[in-house]
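# Descriptive analysis of the structure
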Amino acid sequence: MKDNILIKGDNLRAMQWLLEQGYAGKIDLVYIDPPFATGGTFSIDATGRVATISRSKEANIAYTDTLKGKDFISFLRERCTLIHQLLSDQGSLYLHIDYKIGHYVKVMLDEIFGIENFRSDISRIKCNPKNFERVGYGNIKDMILFYAKGAKPIWHKPMFQAEEDELNALYNKVDSNGRRYTTVPIHAPGETKGETSRPFRGILPPKGRHWRCSVEELEDLDRKGLIEWSANGNPRKINYADEHTMKKAQDIWEFKDPVKPIYPTEKNMEMLKFIINASSNVDSIVLDCFCGSGSTLKAATDTARRWIGIDMSELAIEVTRTRFGASLFETQYDYVDIDTVCQNRHIAG
């Protein structure tokens with residue numbers, strides 16, 4: 001098999017086939033964006049226009065989202081059980097879902113992965129505010145449930161670029177050289193014994209606290225001019241804005257979806273790369289078993305990961321193959337029709 005595999009067919013059968021092919025414990029990251037149990041029909045018309053609620057009679061149906069309630073949860077449970085088997089011990093699952101059904105999905109995932117392996121419930125701002133006249137707050141978000149398979153998943157600390165106005169608000173002091181800075185305490189909660197409880201320049205940590213680092217390190221910071229002393233002799237560490245232009249990612253993301261998608265519910269490419277970079281390594285295998293137009297697969301390619309994509313929609317497979325081009329199809333990934341595989345196996349038996 002080549003490094004990358006595109007599979008057409010029911011993802012339940014496809015993942016069972018992957019297990020038979022020896023992929024158990026081999027996949028480091030799974031991102032899925034399954035149907036959201038909306039009851040809608042998603043299509044693409046002859047002009048390439050993506051439609052959901054209303055569509056022309058000539059439009060091609062990409063997929064229907066008809067399962068609801070317990071039937072939808074049962075459908076997803078079967079697939080997430082196989083995903084858990086396919087994941088490596090350092091693997092992670094990101095499940096993208098609608099806020100209306102997401103909390104039920106979390107309960108189901110807690111059963112499969114263990115609540116101790118739940119990592120984050122990420123709110124993703126997906127669109128601009130809408131002005132619908134209805135009782136309730138406007139919905140501009142969906143959710144991504146992040147689970148690890150084990151205690152030590154792959155994790156490359158994800159960072160966002162801080163905006164200039166954020167930096168100016170946080171680093172609200174300016175030194176004699178015009179550098180923006182702020183100060184932070186050099187002590188932390190809890191009393192300790194030893195190095196971090198010793199006097200620094202004749203000062204002990206406040207009662208019930210300890211120095212954040214050794215006294216020698218504090219002395220070194222002070223010599224470098226990185227300790228600011230207040231008028232009443234209170235020391236604080238100086239942090240410069242130009243050394244902290246990145247900020248740690250929190251659990252609210254703003255990755256809006258494409259205005260003109262090539263496939264229904266196509267997701268933001270930069271968001272997918274962000275997830276892949278955070279929770280996989282170069283050459284890791286990334287699986288998307290609801291791959292749609294292949295956005296996850298393209299993001300994996302762009303970040304030097306291997307991938308496996310699965311979808312049962314003829315239209316999804318066609319869009320994905322077109323997206324990658326014939327040359328890549330021929331040289332860099334295998335195409336598997338799972339129905340044909342199962343039929344041949346039956347004939348051979």
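## Some remarks on the overall build of the protein
Along its length, the protein carries ten helices and 20 strands. Looking at the protein residue by residue over its 349 residues, the buried ones come to 45%. For the protein, contacts bridging at least 24 residues in sequence account for 68% of all contacts bridging at least 6.

## Considering the packing of aromatic side chains
The tally for this structure, following the rule as stated, stands at 17 aromatic pairs. Ring geometry for Trp253 and Phe274: centres 5.2 Å apart, planes at 85°, overall edge-to-face. Of this pair, Trp253 sits in strand E17 (residues 252–254) while Phe274 sits in helix H6 (residues 269–279), placing them 21 residues apart in sequence. For Phe274, a relative accessible area of 13% gives the class buried. Their ring planes at 45° and their centres at 5.8 Å tell us that Phe255 and Phe274 sit as a pair that is tilted. You can see Phe255 sitting in the loop between E17 and H6 and its partner Phe274 sitting in helix H6, a full 19 residues away along the chain. For the pair shown, Phe255 and Phe274 are each scored as buried.

## Structural notes on the packing of helix H7 (residues 295–302) against helix H8 (residues 314–324)
In helix packing, the relevant descriptors are the interaxial angle and the interaxial distance, both defined with respect to the helix axes. Where H7 meets H8, the axes come as close as 10 Å, and the angle between the chain directions of the two elements is 25°. With respect to their mutual orientation, H7 and H8 come out roughly parallel. Seen from above, H7 lies across H8 with right-handed handedness. On H8, the residues touching Ser295, Leu297, Lys298 and Thr301 of H7 are Thr320, Arg323 and Phe324.

## Here's the deal with the environment of Gln90
Mapped onto the elements of the fold, Gln90 is located in strand E6 (residues 87–97). Using a relative accessible area of 34% as the deciding quantity, one classes Gln90 as partly exposed. Sequence separation of Gln90 and Ser279 is 189 residues, and the distance between their C-alpha atoms is 9.1 Å. Once residues lying within four places of it in the same chain are set aside, the contact partners of Gln90 are Asp28, Lys152, Pro153 and Ile154.

Cut-offs applied
Residues numbered from 1 in each chain as written. Predicted model: local features only at pLDDT ≥ 70, side-chain atom pairs only at ≥ 80, totals over all residues. Heavy atoms only, no water. Helix = DSSP H or I, 4+ residues; strand = E, 2+ residues; numbered from the N terminus. Buried < 20%, exposed > 50% of the residue type's maximum accessible area, 1.4 Å probe, protein only. Contact = heavy atoms within 4.5 Å. Phe/Tyr/Trp six-rings, centres within 6.5 Å; stacked < 30°, edge-to-face > 60°. Axes fitted to C-alpha atoms, helices over the stretch in contact; angles between N-to-C directions. Parallel < 35°, antiparallel > 145°, perpendicular 65-115°, else oblique. Left-handed = near helix turned anticlockwise from the far one by under 90°.

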